[in-house]
Amino acid sequence: KVDTFSPFIGDQGWFFMSAKDFVVNHQIPLVGITSSHLWLHQGPLWTYIVSVLFLLFNFNPVSPFYFTSIMDAFTILLVYKICKEFFSYKTAIFASIIYALSPYAVLSSRMAYHTALIPFFIALVFYSIVKWINGDKKHFPLVILYLSILYNFELQTSVLIVLFLLTLIFGFLKKKTWYISILNFKTLMLSVLAFLIPMLPILIYDFKNGFPQTIVFAGWVAY
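Keep in mind that this is a model prediction, so the values were computed, not measured. (Residues numbered from 1 in each chain as written. Predicted model: local features only at pLDDT ≥ 70, side-chain atom pairs only at ≥ 80, totals over all residues. Heavy atoms only, no water.)

Observations concerning the packing of aromatic side chains
Piece 1. The final tally for this structure, using the stated rule, is 23 aromatic pairs.
Piece 2. Consider the rings of F16 and F54, whose centres lie 5.3 Å apart with planes at 85 degrees: the pair is edge-to-face. Taken together, the residues F16 in helix α2 (residues 10–25) and F54 in helix α3 (residues 45–56) connect sequence positions 38 residues apart.
Piece 3. Relative accessible area serves as the criterion here: at 9%, F16 is assigned to the buried category. (Phe/Tyr/Trp six-rings, centres within 6.5 Å; stacked < 30°, edge-to-face > 60°. Helix = DSSP H or I, 4+ residues; strand = E, 2+ residues; numbered from the N terminus. Buried < 20%, exposed > 50% of the residue type's maximum accessible area, 1.4 Å probe, protein only.)

So, the nonpolar core
Piece 1. Grouped together as the largest cluster of nonpolar side chains are 40 residues, with contacts concentrated most on W46, F121, F153 and F164.
Piece 2. Contacts of F153, omitting those with residues within four sequence positions, involve Q42, L45, W46, I49, H114, L117, I118 and F121.
Piece 3. Counting residues in hydrophobic clusters, the runner-up holds seven residues, among them L40, Y151, L155 and M199. (Core = buried A, V, L, I, M, F, W, Y, C linked by side-chain atoms within 4.5 Å. Contact = heavy atoms within 4.5 Å.)

Here we look at the side chain of Q42
Piece 1. Tracing the backbone through its elements, the reader meets Q42 in the loop between α2 and α3.
Piece 2. At a separation of 3.5 Å, a polar atom in the side chain of Q42 contacts the side chain of E154. (Polar contact = N/O pair within 3.5 Å; in protein donor to acceptor, adjacent residues only side chain to side chain.)

Side note on unusual backbone geometry
Piece 1. Phi at H26 is positive, roughly 60 degrees, even though this residue is not glycine.
Piece 2. When you line up the elements, H26 lands in the loop between α2 and α3.
Piece 3. What makes H26 exposed here is its relative accessible area of 64%.
Piece 4. Non-glycine residue F59 carries a positive phi angle of around 60 degrees.
Piece 5. By secondary structure assignment, the location of F59 is in the loop between α3 and α4 (63–86).

Brief notes about the pattern of salt bridges
Piece 1. As enumerated under the stated definition, the model contains four salt bridges in all.
Piece 2. A salt bridge links E85 to K131; the nearest nitrogen and oxygen atoms lie 3.1 Å apart. Note that E85 is positioned in helix α4 and K131 in helix α7 (residues 118–133), a separation of 46 residues in sequence.
Piece 3. For E85, a relative accessible area of 36% puts it in the partly exposed group.
Piece 4. The salt bridge involving D136 is made with K138; its shortest N-O contact spans 2.8 Å.
Piece 5. Taking relative accessible area as the criterion, K138 reaches 57% and is therefore assigned exposed.
Piece 6. One salt-bridge network, held together by shared partners, links K81, E85 and K131. (Salt bridge = Lys/Arg side-chain N within 4 Å of Asp/Glu carboxyl O.)

Dropping the structure here:
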């Protein structure tokens, strides 16, 4: 009963209108809705996703709600897989049940909003960081990709970027094998691409407007 129990707030309406303008009027947004600080914007990725859903389902306004609900169902499976691989079967069952029954997680999954996909990608970040530190260097560009996607969805996820950078600094200082393994041309180039693909619209916006989303934002966070 997604069409009955899903909340719909003004900010969601903003994204729906932005997606409509993208599809109908070909107005490509470089950033998303403003944050609580009006000089900062969320990323445009959620607008792009809604635009694709509108195209596929003839502007059915319920389609984004089904999309986030289905993605969150996959998040439960992802939590189970990660916990089973890194901890134990019992931990996997316990963790996935807690997530599946969390009232806020259920509400968020029903809400076609730019924050709804955050749990899915945070789980992927955790998974890829552990795999990378355990010796699988191909997961390093994936960490960059997931963090860039999360930044698009919600600026507050930049705290994960800080933690990631601290992890890199630790690996550099201690000369860890998992850090040294990424210092090759292929891995670094893939990492640059993984950063640029989700961030390109935001970077274009920044070049035109004095870098509020990157340099100014980083300085403001430090301040």
